[in-house]
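# A structural walkthrough
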Amino acid sequence: MNSNHENQTSRRIIGGRKLLVITLLGLVLGSAAQADAMGGIMTTGTAVCGYTNYNYAVIFNPACPAGYYTRVWLGSTQVMHISAGRMRNGQFVMNYRVYNTRGYHWTVRDGSDQTRFWSYLSAGELVMNPRSVPNRTIGIVSGQMYGSGRQTHNATSGRNVGQWWKMGFSPTAVNRQLITQWQQWWLGGRKPGPKPPKPEPPQPQPPRPQPPQPLTDVSVNRHQVTVTLRDSRTQDGDRVELFLNGKYLRQVTLTNRGTKVKLNLRTGQNRFKVRALNVGTDNANTVAINITGVVKGRSNQSLSLKARQKTEMIITVRPR
């Protein structure tokens, strides 16, 4: 696609001086208070992710670079935030982030946003075909749009480019008044209305992995000891795997009650390693360890690991 054609297509998707908005299907705001609380909904509709349908809304918000953002409700506890896109190689590209809100986010029916908890889960990109946009509409704002998406980052596993899946947006209700205000703002009029929408909720960055809390070395008075492993906080599905002197022992799912593992040690030094396989809902793998027969060092130790982090200790056997 040549640059002139691409620029024309871009203006048709994200706004232009002579765009005609699709006929109003119905107002989606129940009251002025609801409109202020939500930031001004321009469009509601159905988003198809793969083979699943979800509700979505396009929210007019001058605090955003393009004046709007899109929210997709993926379930009772998860939302997807999509930023306004840009043209790249003849395609319309948008970035998204998925958050766990513990169910306190607003929906079209609920009213104001009561979200106080934003836990980052994943991020990705949506690549939409500009030719899928009907004439006389504005891309995702007032017209249908189809393309594909993929996950590019996962909070648990780190960067993880996933498979492409189908993505589509089909508006069911369009607020012509708000879209007109957005067009005026986008074209330089900067007239968002008498009560500007509230800023988009903060979107935290993925946390950086912290170094694991290390185990400390101990000495024991026997060749066979029992190691008890348990979850030191909420029992939330943490799993670890154990190694002794470089050999794999077993995998343990941590519980508050605890799991006992026997270690057959050799005289002298033994290298005992713990590796986290995942993190639970508390975003940390929290392990409490108790070792029998300790004569030097701490028999009770605790640590906090991220997924795939590991720590180890030297267990020295000193027979009586």
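Remember, it's a predicted structure, so these values are computed and weren't measured experimentally.

Rules used throughout
- Residues numbered from 1 in each chain as written.
- Predicted model: local features only at pLDDT ≥ 70, side-chain atom pairs only at ≥ 80, totals over all residues.
- Heavy atoms only, no water.
- Helix = DSSP H or I, 4+ residues; strand = E, 2+ residues; numbered from the N terminus.
- Buried < 20%, exposed > 50% of the residue type's maximum accessible area, 1.4 Å probe, protein only.
- Contact = heavy atoms within 4.5 Å.
- Areas by Shrake-Rupley, 256 points an atom, 1.4 Å probe, with all protein chains shown as cover.
- pLDDT = per-residue confidence, 0-100.
- Salt bridge = Lys/Arg side-chain N within 4 Å of Asp/Glu carboxyl O.
- Pairing = 2+ DSSP bridges.
- Axes fitted to C-alpha atoms, helices over the stretch in contact; angles between N-to-C directions.
- Polar contact = N/O pair within 3.5 Å; in protein donor to acceptor, adjacent residues only side chain to side chain.
- Phe/Tyr/Trp six-rings, centres within 6.5 Å; stacked < 30°, edge-to-face > 60°.
- Lys NZ or Arg CZ within 6 Å of the ring centre and 35° of its normal.

Helices and strands together make up the secondary structure of the protein, namely four helices and 20 strands. Relative to its full complement of 320 residues, the protein shows a buried share of 46%. Partitioning the contacts of the protein with sequence separation of at least 6, the portion at a separation of at least 24 is 65%. About 16700 Å² of surface is accessible on the protein, with carbon and sulfur atoms providing 47% of the total.

When the pLDDT values of the protein are averaged, the result is 79; 77% of them are 70 or greater. Across residues 1-38, where pLDDT falls below 50, the model places 86 contacts with residues more than four positions away in sequence or in other chains.

Bringing the pattern of salt bridges into the picture now. Counting across every chain of the model gives four salt bridges. The shortest N-O distance in the salt bridge between R150 and E125 comes to 3.0 Å. A residue pair is termed long-range when its members are at least 10 positions apart, and R150 in strand β8 (residues 145-154) and E125 in strand β7 (residues 119-129) qualify at 25 residues. One continuous salt-bridge network, built from bridges that share partners, spans R88, E125 and R150.

Let us now look at the pairing of strand β19 (residues 300-305). Taking every second residue as pointing to the same face, the buried face of β19 carries Q301, L303 and L305, while none of N300, S302 and S304 on the other face is buried. Looking at chain direction, strand β17 (residues 285-291) and β19 are connected through six bridges and run antiparallel. Bridging from a neighbouring strand, A288 pairs with S302 of β19.

Spatial ordering of the open sheet is given by β15-β12-β17-β19, a layout of four strands whose pairing is antiparallel. The open sheet has two edge strands with one neighbour each: β15 (259-264) and β19. Adjacent strand axes in the sheet meet at a mean angle of 25° when their direction is disregarded. As paired elements, strand β12 (residues 224-231) and β15 share six bridges and run antiparallel to each other.

With that settled, consider helix α4 (residues 176-186). For α4, the set of buried residues is L178, I179, Q181, W182, Q183 and W185. Between the side-chain oxygen at the start of α4 and the backbone nitrogen of Q177 there is a gap of 3.2 Å, and the oxygen is on N175. Where α4 ends, the next residue or the one after it, G188, has phi of about 110°, a positive value.

So, about unusual backbone geometry. For N89, which is not glycine, the phi torsion reads 55° and is therefore positive. Among the secondary structure elements, N89 is positioned in the loop between β5 (86-88) and β6 (91-100). The exposure class assigned to N89 is exposed, which follows from its relative accessible area of 75%. Phi is positive for R136, close to 65°, though the residue is something other than glycine. With respect to the secondary-structure elements, R136 resides in the loop between β7 and α3 (139-142). Overall, the relative accessible area of 57% leaves R136 in the exposed class.

Before going further, it helps to spend a moment on the packing of aromatic side chains. Considering all chains together, one arrives at five aromatic pairs under this definition. Relative to W182, the ring of Y68 has its centre 5.5 Å away and its plane inclined at 80°; by these criteria the two rings are edge-to-face. Of this pair, Y68 sits in strand β3 (residues 68-73) while W182 sits in helix α4, and the two are 114 residues apart along the sequence. Owing to a relative accessible area of 2%, Y68 belongs among the buried residues under this scheme. The buried category is assigned to W182, whose relative accessible area is 0%. The ring centre of F243 lies 4.8 Å from the NZ or CZ of K273, which sits over that ring.

Next up on the list: the side chain of S122. Turning to its location among the elements, S122 is positioned in strand β7. Excluding its chain neighbours within four sequence positions, the residues that come into contact with S122 are R97, V98, Q151, H153 and N154.

Among the secondary structure elements, T311 is positioned in strand β20 (residues 310-317). We classify T311 as buried; its relative accessible area is 7%. Side-chain polar atoms of T311 contact the backbone nitrogen of L215, separated by 3.1 Å.

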